[in-house]
Amino acid sequence: MLIWPEGSRNQDRSHALSAGTEMNQPKEDRMPIGAAPQRHPGLTLELGLLTAGASALGIGLSLGAFLAICGAEGIRTTLAFMMAVLASVVSALIVSIWVHIMVARPLREMAQVMATVARGEPKEVQTMRSSGELKSLLQTFAMACERVRERERQLERSRKEFRTLFEHVPSYIAVVGRDYRIVEMNRNFRDTFGGAEGDQCYHVYKKRETKCENCLVEKSFQDGTAHRSEELGVTRDGQEIPYLVYTAPVTNEQGSVDHVIEMSVDLRPLKALEHEKLQAERLATVGQTVAALAHGIKNILTGLEGGVYVTQTAMSKADQVLLQKGWEMVERNIDRISHLVRDLLAYSRVGVGELIPTDPNGLAKEVFGLFSETANRMGIQLILELDASVGEVPMDPRAVHTCLANLLSNAIDACAEDPHEKEHRVILRTRGGPEEGQISLEVEDNGMGMEESTKQKLFQRFFSTKGTRGTGLGLMLTSKLVHEHGGTISVDSCPGHGSRFQIILPRNKTAAVSA
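Bear in mind that the values here come from a model prediction, so they are computed numbers and not experimental data.

Chemist: Quick rundown of empty space enclosed by the protein? Include the residues and the values.
Modeler: Counted according to the given criterion, the structure contains 2 cavities of 30 Å³ or more. Reported here for the largest cavity is a volume of approximately 160 Å³. Lining the largest cavity are 13 residues, and of these Lys206, Cys212, Leu216, Tyr243 and Glu262 lie nearest its centre. Of all the secondary-structure elements, those providing two or more residues to the lining of the largest cavity are α6 (201-206), α7 (216-223) and β4 (240-251). With 4 residues, α6 is the largest single contributor of residues to the lining of the largest cavity. Taken together, the residues that form the lining of the largest cavity break down as 9 nonpolar, 1 polar and 3 charged. Of the voids in this model, the second largest cavity is the one considered here, and its volume is about 50 Å³. In this structure, the second largest cavity is lined by Val400, Cys403, Leu404, Leu441, Leu481, Val482, His485, Ile503 and Leu505. Going through the elements one at a time, α12 (397-416), α14 (474-484) and β12 (498-506) are the ones with two or more residues in the lining of the second largest cavity. Ranked by residues supplied to the lining of the second largest cavity, first place goes to α12 with 3 residues.

Put into structure tokens, the structure is as follows:
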């Protein structure tokens, strides 16, 4: 056994350890001091394990050299130790390679696929390199990716279908924001009204500079419900067109209204059909009208002949009383002829005249003044009830005047012919309609009333409850004029209690049916 001095032993031990370490590191593989190691992005885990194994091998060899220097008896121990270290290094290398092939690489590919799917790009997931639970995971992930792509394809098809419907639907569609600016419009709207996204809806629709008084968009924003109205718009060429507009709210996830969609339908084809329908109805009734007129004129002529005969007889006998009676018969039948001719001329008109802003209260006052003296003379109380909030309404004032005069005349006659002894009254009333955007004109009396069967025939041609004193054209003419204003007329009546006629007209009627 060799005995070294203590100092030299420690020094040589250090040299041996250094020599053992450098002996296991090839000269060309040694990294310069201060140089940064170069790493492959996909081999981070494997390099870590290899570095740990190499370090362990170096330490093992250094210790083996130290034991060899110390003596032959440490060779067996050194070899066993080195074998253990070598086994650890080999195991680490095997585990590293397996992890790289079976775990790291599939996970890296999965991350790449997830990034690709997030960007919306197609990507197939390969799972043949994996096995066991990881392969099952990758297969499930591949199925999920395929379902996502299928949902994306379905969403894209739906988007294209919606865009096609939005652009080509035969209606005017515009999406409006809270500032009344158009967010989006379809092609039909753009071609008809012009304008562009960002313009105010009232400027594009009606070429206005301020918001509409009866703004349906504002109402949908306020109450979150749908509204509709008939409006008059102005095309990009300056032509006025009637259209029916619907507004519906568009809500967000919180339930608040972000936008309102306006859907409008051109009413010009409908107006043309209404005109054709009325013309056809008039032509179809010509035969009935001629027959009825012939019968009515025959009755009037019979009365005239009777009056003329009585008058001539009275003149030959110089009987003033009989002469007065005969002349009254002639006057009565002449008056019937006059009424018949006026009603026929009024009915023969093709349609109402120009619609101009008119105060219904003014018309009601005028008609009230015409019949006040007649009602007072007959002991009938005539009452006028006006709603000051009605305002002006587009209408043909002469046509509406005719309607009110016919209804008021009939109401006075119904009170005059009532057999019940009571204080009779007739009320002429104006007020707001049952729905928004309407007005109501009413004539109510407490006269004799009507049976249900009579009510069903009121607006038929040449039907009259006045016997030979009526032509049967008054209510039919009234109904015609009201409908040509876009309104309705209805009647409530009870025998012995009176009747109430109600005319409902729209505030924004845009066009009457005319020739």
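Now that the structure is up, let's keep going.
Chemist: Can you lay out the sheet that holds strand β5 (residues 257-266) for me, pointing to particular residues and giving the numbers?
Modeler: Spatially, 5 strands are ordered β2-β1-β5-β4-β3 in an open sheet, and the strand pairing comes out antiparallel. Only two strands of the sheet have a single neighbouring strand rather than two, namely β2 (182-185) and β3 (227-234). Geometrically, the sheet is characterised by an average inter-axis angle of 30° between neighbouring strands, direction not taken into account. In this structure, strand β1 (residues 172-176) lies alongside β2, joined through 3 bridges in antiparallel fashion.

Chemist: A description of the packing of helix α11 (residues 360-377) against α12 should follow, citing residues and the corresponding values.
Modeler: At a minimum axis separation of 10 Å, α11 and α12 run at an interaxial angle of 30°. By the angle between their directions, the pair α11 and α12 is classed as roughly parallel. In the packing of α11 onto α12, the handedness of the crossing is right-handed. Where α11 abuts α12, its residues Leu363, Ala364, Glu366, Val367, Phe368, Leu370, Phe371 and Ala375 lie against Pro397, Val400, His401, Leu404, Ala405, Leu408, Ser409 and Ile412.

Chemist: Pulling in residues and values, what's your account of the pairing of β12?
Modeler: For a regular strand, side chains alternate in direction, first toward one face of the sheet and then toward the other. Along β12, 8 of the 9 residues are buried, which leaves the element largely enclosed by surrounding structure. For strand β10 (residues 438-445) and β12, the ladder comprises 8 bridges, and the chain directions are antiparallel. Pairing of Leu441 across the sheet is with Ile503, part of β12. Summarising the sheet, strand β11 (residues 488-494) and β12 pair through 7 bridges and their orientation is antiparallel. By the bridge assignment, Val491 is partnered in β12 with Phe501.

So, how was this worked out
Throughout this description, residue numbers start from 1 for each chain and increase along the sequence as written. Local features in this predicted model are restricted to residues whose pLDDT is 70 or higher, and side-chain atom pairs enter the listing and the counts only when it is 80 or higher, whereas totals over whole chains, interfaces and linings include all residues. Note that water and hydrogens are dropped before the side-chain values are worked out from all heavy atoms of the structure. Residues are called lining when one of their atoms sits within 4 Å of a cavity or pocket point, these points coming from a 1 Å grid over the protein atoms alone, where a cavity is a set in which a 1.4 Å probe fits but cannot get out and a pocket is an open set with protein on both sides within 12 Å along at least five of seven lines. Grid points are joined across faces, edges and corners, and a volume is the space filled by probe spheres set on the points. Every helix listed is a DSSP run of H or I at least four residues long, and every strand listed is a run of E at least two residues long, numbered separately from the N terminus. Each residue gets one label: Ala, Val, Leu, Ile, Met, Phe, Trp, Tyr, Cys and Pro are nonpolar, Asp, Glu, Lys and Arg are charged, and the others, such as Gly, are polar. Any two strands between which DSSP finds at least two bridges are classified as paired. Orientation is described by axes fitted as lines to C-alpha atoms, over the contacting stretch for helices, and by angles from 0 to 180 degrees between their N-to-C directions. Working definition: roughly parallel below 35 degrees, roughly antiparallel above 145 degrees, roughly perpendicular at 65 to 115 degrees, and oblique for all remaining angles. Crossing handedness is defined as follows: a turn of the near helix away from the far one that is anticlockwise and smaller than a right angle gives a left-handed crossing, while the clockwise case is right-handed. Throughout, a residue-residue contact means that at least one pair of heavy atoms, one from each residue, lies within 4.5 Å. The buried label applies to any residue whose accessible area, calculated with a 1.4 Å probe on protein chains only, is under 20% of its type's maximum; exposed applies above 50%, and partly exposed to all values in between.

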